[in-house]
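Okay, here's what each chain looks like letter by letter:
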Amino acid sequence: MNNGDGEIASRLEKFTNELFPICRSITGQGVRETLRRIGAEVPLRTLSYTSGTPVFDWEVPPEWTINDAFLEDPNGQRVADLRTNNLHVLNYSVGVDKKLSLEELKPHLHTLPEQPELIPYRTAYYQRNWGFCLPHAVYQRLSSGTYHAYIDAEVKPGVLEIGECFLPGETEDEVLFYAHTCHPSLANDNLSGIAVSTWLAKWLCNKEKRRFSYRFLWGPGTIGSLTWLAHHQHSVANIKHGLVLVLLGRPGTFHYKQTPFADAPIDRIAARCLRKRGDEHEIRPFDPYGYEERQLCSPGFRLNVGRLSRVPHDEYPEYHTSGDNLDLIDGRTMAEALVLCQQIVDEFETRECFINIEPFGEPKLGKRGLYNSIGGRAPAERVEIMLWILNLCDGNHDLMDIAERSGYTLETIRELATELTERSLLKPI
């Protein structure tokens, strides 16, 4: 890593350090503060949607506000405290101020028996409940007596907010990047994606020329992307490619999750860039479980959006626990992910793409004088290459795709694509 990358790594670490203490959720002050800090780095507008607004089969939820929370044992010792770790409170807890016995309290306590030293991350977004999360080792030491459960919080009508940074290019065709903002103090599953996407947007802001338009969204998981889609159905057709960025701070092998049909340009370009890195990586097929790709790729939209991560969710032991802290992630790891994203963008910006003007069946090459040999190449081989080009120039494949698929060099493909363009069989797009 050069000095410039080292400086970026330091800035990414500083940014995640600043965001880590904020108590985020799908709505509320934590989201607003997070978006404010993103907005200090890139041009950002905040989209607000009122509680109760219909969103397909869902609706925008009430807003959650939390000020303080603690659980005191019979000796007055705090065994859970929001100010110590905001995972201690069941996210979206309603307010409570009660004295109760251990038996009465137990249904409201959440632990991880298999990881007794860690605090679990638990939520109650769509039901009225309250609770505390604590290490199972602490739970096992709780004694009989009277406990004081105090949560200064309320759930009431408000707004859901999404941050958007739109960078216009030469065309209306868009590349979309999404990072979720709804998790509290979880460094890898939340902050790494926010940091990498923010610095990618900063980098694109400074590009003198952008071929594509770029849209960055920072919003809560599931309900955020659904809400944005519901209110932007008129412009979704402009989104030609996209990536969900998540889990990019913990060292580990890069994983790319394909779009549902596994043959979108983003699928091929992401795989190409990963191969160029020369180290181990994994390409996985689409499945309907995960992050925002499952909303963006749902049957009503089928956007060409893949997902880039390091170790996927549920496959590292710290996932959704207090172990997913700042010690788990590394600025250099995030910087490497940023470089990979920049390479993917550069591939889009420089890709050579043509469309077949005579796509219905095979065009008659002879009447256009295209059977003559070029540079000593056998006519049969030349025709084969042209047929590869004509067959794959569907607006979805670029010349590099055709070279890789056919086994011929990019230079050869480019040479014959130029001639086919001159003979009015192709046109660049």
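Not measured: the values here are computed from a predicted model. (Residues numbered from 1 in each chain as written. Predicted model: local features only at pLDDT ≥ 70, side-chain atom pairs only at ≥ 80, totals over all residues. Heavy atoms only, no water.)

## Here we look at the pairing of strand β4 (residues 63–72)
Here is the key point about a regular strand: its side chains alternate between the two faces of the sheet.
Consideration 1: Burial within β4 is extensive, with eight of its 10 residues counted as buried.
Consideration 2: Pairing analysis gives nine bridges linking β4 to strand β9 (residues 146–156), with the strands arranged antiparallel. Residue pairing for β9: Glu72 is matched across the bridge by His148.
Consideration 3: Inspection of the sheet shows β4 paired to strand β5 (residues 78–81) by three bridges, in the antiparallel sense. Of the residues in β5, the one forming a bridge with Glu72 is Arg78.
Consideration 4: A loop of five residues connects β4 with β5, the two strands running antiparallel in sequence, and Gly76 in this loop sits at a positive phi of about 80°. (Buried < 20%, exposed > 50% of the residue type's maximum accessible area, 1.4 Å probe, protein only. Helix = DSSP H or I, 4+ residues; strand = E, 2+ residues; numbered from the N terminus. Pairing = 2+ DSSP bridges.)

## Observations concerning the environment of Gly95
Consideration 1: On the secondary structure map, Gly95 appears in the loop between β5 and β6 (96–101).
Consideration 2: Separated by 150 residues in the primary sequence, Gly95 and Leu245 have C-alpha atoms spaced 34 Å apart.

## Here we look at the sheet that holds β6
Consideration 1: Within the open sheet, the four strands sit side by side as β5-β4-β9-β6. Their pairing is antiparallel. Of all the strands in the sheet, just β5 and β6 have a single pairing partner and so form its edges. Each adjacent strand pair in this sheet contributes to an overall mean axis angle of 15°, direction not counted. (Axes fitted to C-alpha atoms, helices over the stretch in contact; angles between N-to-C directions.)

## Here's the deal with the pattern of salt bridges
Consideration 1: Summed over all chains, the structure comprises 37 salt bridges.
Consideration 2: For the salt bridge of Arg215 with Glu174, the shortest nitrogen-to-oxygen distance reads 2.8 Å. A residue pair is termed long-range when its members are at least 10 positions apart, and Arg215 in strand β12 (residues 213–219) and Glu174 in strand β11 (residues 174–180) qualify at 41 residues. You'll find Arg215 and Glu174 in the same group, each marked buried.
Consideration 3: Note that Lys207 and Asp346 form a salt bridge whose closest N and O atoms lie 3.6 Å from each other. (Salt bridge = Lys/Arg side-chain N within 4 Å of Asp/Glu carboxyl O.)

## A few points about the nonpolar core
Consideration 1: Counting residues in each nonpolar core, the largest one holds 63 residues, and the members touching the most others are Ile66, Leu71, Trp130, Phe132, Ile151, Trp228 and Leu303.
Consideration 2: Core analysis: the second largest hydrophobic core is formed by 50 residues, Ala179, Ile194, Leu243 and Ala270 among them. (Core = buried A, V, L, I, M, F, W, Y, C linked by side-chain atoms within 4.5 Å.)

## Quick word on the packing of aromatic side chains
Both the distance between ring centres and the angle between the ring planes are used here to describe each pair of aromatic rings.
Consideration 1: Counted according to the given criterion, the structure contains 12 aromatic pairs.
Consideration 2: When the centroid spacing of 6.3 Å and the interplanar angle of 80° are considered together, the rings of Trp130 and Phe132 count as edge-to-face.
Consideration 3: With a centroid separation of 5.8 Å and an interplanar angle of 75°, the aromatic rings of Tyr316 and Tyr319 are classed as edge-to-face. The exposure classification of Tyr316 matches that of Tyr319, with both residues buried.
Consideration 4: For the cation-ring pair, Arg310 lies above Phe254, with the distance from its terminal atom to the ring centre recorded as 3.8 Å. (Phe/Tyr/Trp six-rings, centres within 6.5 Å; stacked < 30°, edge-to-face > 60°. Lys NZ or Arg CZ within 6 Å of the ring centre and 35° of its normal.)

## Considering helix α11 (residues 399–406)
Consideration 1: Listing the buried residues of α11 in full gives Leu399, Asp401, Ile402, Ala403 and Ser406.
Consideration 2: For α11, the side-chain oxygen to backbone nitrogen distance between the N-cap and Met400 is 3.1 Å, and the N-cap itself is Asp398.
Consideration 3: Positioned one or two residues after α11, Gly407 has a phi angle of 90°, which is positive. (Polar contact = N/O pair within 3.5 Å; in protein donor to acceptor, adjacent residues only side chain to side chain.)

## Let's talk about the side chain of His88
Consideration 1: Looking at where His88 falls in the secondary structure, it is placed in the loop between β5 and β6.
Consideration 2: Dropping the residues within four chain positions of it, His88 is found in contact with Val79, Ala80, Asp81, Ile119, Gly131, Phe132, Cys133, Leu134 and Pro135. (Contact = heavy atoms within 4.5 Å.)

## Topic: the sheet that holds strand β18 (residues 394–398)
Consideration 1: Pairing within the open sheet is antiparallel, and its three strands lie in the order β18-β17-β19. With partners counted over all chains shown, the strands left at the sheet margins are β18 and β19 (426–428), one partner each. Across the sheet, the axes of successive neighbouring strands diverge by a mean angle of 35°, strand direction being ignored.
Consideration 2: Pairing between strand β17 (residues 353–356) and β19: three bridges, direction antiparallel. Paired with Ile355 across the strands is Lys427, a residue of β19.
Consideration 3: Each of β17 and β18 touches α11; the most contacted strand, β18, lies at about 65° to it.

## Here we look at the packing of α11 against helix α12 (residues 410–422)
Consideration 1: Where α11 meets α12, the closest approach of the two axes is 9 Å, and the angle between their N-to-C directions is 120°. The angle between α11 and α12 places the two elements in the oblique class. Once α11 is placed against α12, the crossing between them reads as right-handed. Along the contact surface, α11 presents Leu399, Met400, Ile402, Ala403 and Ser406, while α12 presents Leu410, Ile413, Arg414 and Ala417.
Consideration 2: Taken together, the residues that form the contact of α11 with α12 break down as seven nonpolar, one polar and one charged. (Parallel < 35°, antiparallel > 145°, perpendicular 65-115°, else oblique. Left-handed = near helix turned anticlockwise from the far one by under 90°. Nonpolar A, V, L, I, M, F, W, Y, C, P; charged D, E, K, R; others polar.)

## Quick word on the side chain of Ser213
Consideration 1: For Ser213, the location among the structural elements is in strand β12.
Consideration 2: Among the polar contacts made by the side chain of Ser213, one reaches the main-chain amide nitrogen of Gly169 at a distance of 2.9 Å.
Consideration 3: Within the local environment of Ser213, its side chain forms a polar contact with the backbone oxygen of Thr171, the two atoms lying 2.7 Å apart.
Consideration 4: Ignoring any residue separated from it by four or fewer positions in sequence, one finds Ser213 in contact with Phe166, Leu167, Pro168, Gly169, Thr171, Glu172, Asp173, Glu174 and Val175.

Without other data, these values stay purely geometric and don't point to any function.
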